[in-house]
Amino acid sequence: MTLHVIEPERRTLHGHFSRDLEPILTIDSGDTVRFRTLDAGWRTGFDFEQHEAAQFEPRDKALDEGHCMCGPVAIRGAEPGMTLAVHIEDIRVGSYGLTFVGGWPHEVNERFDLLNKRMLIEWTLDADALTGRNQWGQTVALRPFMGVMGMPPDEPGMHPTAPPYTTGGNIDCKELVAGSTLYLPVAVPGGLFSTGDGHGVQGNGEVCVTAIECPMERVDLRFELLPDMRLTTPRAHTAEGWLTLGFHEDLNEATMIALEAMVALMGEQYGMDAQQALGMASLLVDLRITQIANGVKGVHAVLPHGAIR
């Protein structure tokens, strides 16, 4: 098992998903990659006195328009139909974070009359204490995770980073902290995994459309190829339980996708047919809104460990 290190530099950064991107690194199943990432907006630092950020340069306007992502990483032997397990082993935040409230077209900003009113909440982050303190002296506990972890779909062209896909991407699920494992369907040879969009902390929903957007000093991900696991949508194993995720422009449809995936998971785990699993899910499974920020909305269903004995 090998540890690989990826630093944010021109060769390793991109702002779109595509099956045509050349991998920056090819690894074996079981290897770990240590990423250092910029924040989603391609910032390399923030001056709290001037209230200004330094931007990464150079950028290609067409290729780098989306979230700043590190990758892609190819996993040797990965083929469409397989599953990639991403074991999230460690995450350490950088020194600053930013929360943007209002100021751009979005249904939330329209609802709150904030299309033309922008506020910036500036955060000083303490990676050891796992706290963030803003310009008003308010302190919050951090629970860092990566907003974007995923692979491109098997479709030609460039795909934006904003919406999540069945192969992952901008999932923005607050449960994917260190110690969790994300399971993603592989759609293209090699998988071509990328990550970025570090979040210091976020509530379910990401209701102002941003979290504490921050760079990550260290993100350790161990990759495991599972040839015999067949998935159509992501799932995750966390300290709390099993999660299944659904994505769709319509929140109701995203809910049904997550629920169908949970019923299938319960069938695998406990040998139930779909009707029995649905009945048990009604007693034990929580449905949570992952995010309403990304155009394609997310819902995750949660089955707590030990709920069925």
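None of these values were measured; they are calculated from a predicted model.

Parameters at a glance
- Residues numbered from 1 in each chain as written.
- Predicted model: local features only at pLDDT ≥ 70, side-chain atom pairs only at ≥ 80, totals over all residues.
- Heavy atoms only, no water.
- Pairing = 2+ DSSP bridges.
- Helix = DSSP H or I, 4+ residues; strand = E, 2+ residues; numbered from the N terminus.
- Core = buried A, V, L, I, M, F, W, Y, C linked by side-chain atoms within 4.5 Å.
- Buried < 20%, exposed > 50% of the residue type's maximum accessible area, 1.4 Å probe, protein only.
- Axes fitted to C-alpha atoms, helices over the stretch in contact; angles between N-to-C directions.
- Parallel < 35°, antiparallel > 145°, perpendicular 65-115°, else oblique.
- Left-handed = near helix turned anticlockwise from the far one by under 90°.
- Contact = heavy atoms within 4.5 Å.
- Phe/Tyr/Trp six-rings, centres within 6.5 Å; stacked < 30°, edge-to-face > 60°.

Trainee: Would you mind going over the pairing of strand β4 (residues 32–37) with me for this structure?
Mentor: For a regular strand, the rule is simple: side chains alternate between the two faces of the sheet. Pairing geometry for strand β1 (residues 3–6) and β4, over four bridges, is parallel. Residue pairing for β4: H4 is matched across the bridge by V33. Summarising the sheet, β4 and strand β18 (residues 216–226) pair through five bridges and their orientation is antiparallel. Across the sheet, the residue bridging to F35 is V219, located in β18.

Trainee: Looking at this model, I keep getting lost on the nonpolar core. Mind explaining?
Mentor: Burial of nonpolar side chains together is a common tendency in soluble globular proteins. Formed by 51 residues in total, the largest nonpolar core has its most connected members in F35, F193, L221 and F223. Core analysis: the second largest hydrophobic core is formed by 20 residues, W242, A258, V263 and V299 among them.

Trainee: For this particular structure, what's the right way to read the packing of helix α2 (residues 251–270) against helix α3 (residues 274–284)?
Mentor: Each pair of packed helices can be summarised by the angle the axes make with each other and by the distance between the axes. Between α2 and α3, the shortest axis-to-axis distance is 9 Å and the interhelical angle comes to 110°. For the element pair α2 / α3, the angle class is roughly perpendicular. In this structure, the crossing between α2 and α3 has a hand that is right-handed. Residues L259, V263 and M266 of α2 touch α3, and the partners they reach there are A274, A277, L278, M280 and A281.

Trainee: When you look at the sheet that holds strand β11 (residues 131–134) in this model, what are you seeing that I'm missing?
Mentor: Pairing between the strands of a sheet comes from backbone hydrogen bonds, and it takes one of two forms, parallel or antiparallel. The four strands lie next to each other as β9-β10-β11-β12, forming an open sheet whose pairing is antiparallel. Since the sheet does not close on itself, it has two edges, and those belong to β9 (96–101) and β12 (139–141), each with one partner. Each adjacent strand pair in this sheet contributes to an overall mean axis angle of 30°, direction not counted. Where β11 meets β12, three bridges bridge the pair, whose relative direction is antiparallel. Bridge pairing in β12 links T131 to A141.

Trainee: Please clarify how the pairing of strand β22 (residues 297–304) should be interpreted in this entry.
Mentor: The buried fraction of β22 is high, at seven of eight residues. Pairing analysis gives eight bridges linking strand β20 (residues 241–248) to β22, with the strands arranged antiparallel. If you follow G246 over to β22, its bridge partner there is V299. Here strand β21 (residues 286–291) pairs with β22 via five bridges, running antiparallel. When the bridges of β22 are listed, I289 appears paired with V299. Once β21 ends, the chain turns through five residues before running back antiparallel as β22, passing G295 with a positive phi of about 80°.

Trainee: Help me understand the packing of aromatic side chains, please; the structure alone is not making it clear to me.
Mentor: The geometry of an aromatic ring pair comes down to the distance between the two centres and the angle between the two planes. One pass over the structure, following the stated rule, counts six aromatic pairs. Here F17 and Y165 contribute two aromatic rings whose centre-to-centre distance is 6.1 Å and whose plane-to-plane angle is 80°, an arrangement assigned as edge-to-face. With F17 in the loop between β2 (13–14) and β3 (25–27) and Y165 in strand β14 (residues 164–165), this pair connects stretches of sequence that are 148 residues apart. Accessibility expressed as a relative area gives 2% for F17, which makes it buried. A relative accessible area of 16% means that Y165 is categorised as buried. With a centroid separation of 6.2 Å and 25° between ring planes, the pair formed by F46 and Y96 is classed as stacked. You can see F46 sitting in strand β5 (residues 43–47) and its partner Y96 sitting in strand β9, a full 50 residues away along the chain.

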